[in-house]
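Listed below are the residues making up each chain.
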Amino acid sequence: MVADVAQVAGRVSGGAPPRRASGARRAARLDALVGLAFVSPVVIGVIVLGLVPFGFVIWYAMHEWTPLIGQFDWVGLDNFSRLAADDAVRSSFVTTFQFAALLMVLNISLAMALALLLNQRLRGITTFRTFFFSPMVVSAVAWVVVWNYLVASNGGINGFLSVLGIDGPNWLRDPSWALVTLVVIQVFKGVGMNMILFLAALQGVPAELKESARIDGASPRRIFRSITLPLIAPTILLVTMITMIGAMDVFVPIQIMTQGGPGDSTMVISYLLYRTAFEQQDFGYASAIGVLLFVVVLGLAALQWSTRNRWVHDEV
Amino acid sequence: MKQPTFRRPVSTTIAVLGSTCLLLAACSGGDGDTAGDAGDGPVDLRMVMWSANEGHHEIFEQIADAYIDQHPDLVSSVTFEPITGSSYVSALTTQIAGGQAPDLAWVSEGYAAQFVQSGVFADLTPTFSEAEGYDLDDLLPDAVELWSVDGDLYGYPFSNSPFGIFVNLDLLAAAGQPVPRDLVAGGEWTWDRVMEIAAATAQSQGVAGFQPAADPYTMWNDALGAMWMSWGAQPWSEDGAECTFDSPEMVEFFDWFHTQIFTNGAVPGPGEEHDFASGQVAVRMGQLSASTGLGDAFQWDFLPLPAGPEGTVPVVGQGGVGVVARGDNPDVAADFLAYFTNPENSALLAQFFPPPRESLLTVEALTAAAPALSPEQLQGTVIDQALEARTKAGNPAMSELTDAVRMDLDGLWVADGDAETVLGQVCEDIAPILSGS
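Residues numbered from 1 in each chain as written. Chains lettered and ligands numbered in written order. Predicted model: local features only at pLDDT ≥ 70, side-chain atom pairs only at ≥ 80, totals over all residues.

A. Geometry of the overall build of chain A. On a plain count of helices and strands, chain A comes out with 14 helices and two strands. Rg of the C-alpha trace for chain A: 26 Å, well past the compact-globule value of 20 Å for 316 residues, more than 25% over. Principal-axis analysis of the C-alpha atoms places the extent of chain A at approximately 75 × 60 × 35 Å. By residue count, 28% of the 316 residues in chain A fall in the buried class. (Helix = DSSP H or I, 4+ residues; strand = E, 2+ residues; numbered from the N terminus. Rg over C-alpha atoms; globule rule 2.2 N^0.38 Å. Buried ≥ 20, exposed ≤ 12 C-beta atoms within 10 Å, placed from the backbone.)

Dropping the structure here:
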């Protein structure tokens, strides 16, 4: 169909007198202007709210900046040298990677499982989809504050467990549980979005392909592995990337629930950055941490993107 | 089909975006030294404050309106901007970093040394000493010590509120415990006795026993800073440069507190949530402002701090206001602050905040601040304590110390935590911060 239209357009264009060609150019120019108008809010937003501030962050990272006393001295790359020798930064990155890895595994597998379950034409299925998506529209702070009460050592969850005769752990004060607890709270908050993305992808898989495979004798597991998974691979790539980036930037639950503790068991890099800037007033060094975090996240995203050819065969 | 190219729209877009960037760069806050009063006309003053309480704002605005009426050539408006929550200092720092320094700022005693000694606040002495009828000598020396450097005043501690002990009399009676006021009268009001009562009430009533003024597991100085003084302990030396967390007195205090949590069950463990005003706590440490949240759902009393091994040490928590030296109008702001805190307006502020002026520490002046407190409670727990109270420890490097100490103390908040080991580690970790190296 697309080819037919192009051929017709070519014939029309080729046989048209010069005045018509000029009109077509004007129309195309108008189209381009409209296109630019549509994308300009996003482009301006990215530049003004993303690239320009990031430029400032790089500039600040080359200074020793203590705003309370008005100190702003050029130190070149000293802050970046400090990063290499800072155990707290190294430890925070390890914690961040642990958090991100656990969150990605739990979030993506749960989202996929829910999407498969909810990809049915059953009565009332919309209610279940809404139920699982609803945490997405709850304010992040409100979500975390409510969970803070639920996971208190004398909170709702341990109260329920005690009814069952189970002595629940101190979810946020036990170093071996705190990070896992935060991951679970974040998974429940964000799984709805990934579930919806998977659901949309699953509904885009042509039924006739699955039907053909079924007629050929393929088992449901084989159909999923050989037909569904390859066809939704672009969505898996998208979900993996946005979940990873979100996990590397986690901040709200740490700030409200643990402040990086107990000890430094939940001290992720974004919270260390916040603490360095706004509590220790070391804005220059915090900016250097920010630059490093950006480079690491960009590197991970690029790594995922570069491997897509091996497992994404149906890019749109 | 090859798409047509359009240089003009693209170049226009680039030009617009470039201009936007330049504009942003021009408008962004740097470290610009803007100290000094701007212009000759009346200025708009802005004060950031920790409280969003409507009553506080009403009284502040009443004083500000009266000042504007008297000095229309100096000030056209005063805005009181509330920033609440634990991120107050961070938010204030962000404003200063962004080139939007307020003219005046309210900070708590824990950060007083940081704001005073690092030069964030301007010297108020010249303005205050010239202000008619100000009566600087009326200020309690102990109350202003933290806000002074070499005899010069850099902040005014408008709130000078002693810590005391709230008790839920109904819970104690139900647990068969003695009446605390009788223990005070009999000279038996000690920390050990308080914890015995708390533990017994917790066990028999299924509530929390003793709750410090803040969460001890995350806000160690706010929670425990007024308690360890009764053990003769201090976190660092007088000049703030040497760690004394590992002193025998401090180790003894933390050892005792650890026992109250993990052995006696007098203090709720880490991660527990309880609310005194809801009747879930037997004994709570607090300041008189907490009495406004207590209704008549249960009988309660407000008593002085108990005695520790070093006797009774009255302690106050303070809120102070200073003029931000890097603000746009430091001279006008200092003049306004002199008016804001003169004897007449201090009497108005006493409706909410116990003042640092000896002449205003009377039952009559404080009754409005805490109508729920009896004259005996005001005299015994607030006025008598405020006159001889010490202030909780602060440090010029408080921002850096808060988390460093908290992270080490987490090692103590387990059943087998050892105070001596943990506090030794605290000193090892904060020594470089204290020495400024």
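B. Region of interest: the domain arrangement of chain B. Residues and elements named next belong to chain B. Here chain B is described as being made up of domain 1 (43–161 + 317–391) and domain 2 (163–315 + 394–435). Computed over C-alpha atoms only, the centres of domain 1 and domain 2 are separated by 28 Å. For the side of domain 1 that touches domain 2, the elements supplying multiple residues, two or more each, are helix H4 (112–117) and helix H15 (375–388). With six residues, the top contributor of residues to the side of domain 1 that touches domain 2 is H15. Residues belonging to the side of domain 1 that touches domain 2 are distributed by class as follows: 12 nonpolar, 10 polar and three charged. (Domains from an automatic or database assignment. Nonpolar A, V, L, I, M, F, W, Y, C, P; charged D, E, K, R; others polar.)

C. Local environment of the pairing of strand S6 (residues 156–168) of chain B. Residue and element names in this part refer to chain B. Most of S6 is tucked away, with 13 of its 13 residues classed as buried. Summarising the sheet, S6 and strand S8 (residues 281–287) pair through five bridges and their orientation is antiparallel. Note that in S8 the partner of Gly164 across the bridge is Gly286. Bridge count between S6 and strand S9 (residues 300–303): four bridges; the pairing is antiparallel. Note that in S9 the partner of Asn168 across the bridge is Trp300. (Pairing = 2+ DSSP bridges.)

D. Layout of helix H12 (residues 330–340) of chain B. Most of H12(B) sits out of view: 10 of its 11 residues are buried. Among all positions of H12(B), only B:Pro330, B:Val332, B:Ala333, B:Ala334, B:Asp335, B:Phe336, B:Leu337, B:Ala338, B:Tyr339 and B:Phe340 are buried.

E. Molecular detail of the pairing of S8(B). All names here are of chain B. The element S8 is extensively covered by neighbouring structure, given that seven of its seven residues are classed as buried. In terms of strand pairing, strand S7 (residues 208–211) meets S8 through three bridges, oriented parallel. By the bridge assignment for S8, Ala208 is matched with Val281.

F. Spotlight on the interface of chain B and chain A. Each partner contributes residues to the interface: chain B has 35 residues there, and chain A has 37 residues. Within the residue set of the side of chain B that touches chain A, elements represented by two or more residues are helix H1 (7–27), helix H3 (88–97) and helix H16 (398–409) of chain B. For the side of chain B that touches chain A, the residue count by class is 12 nonpolar, 14 polar and nine charged. (Contact = placed C-beta atoms within 7 Å.)

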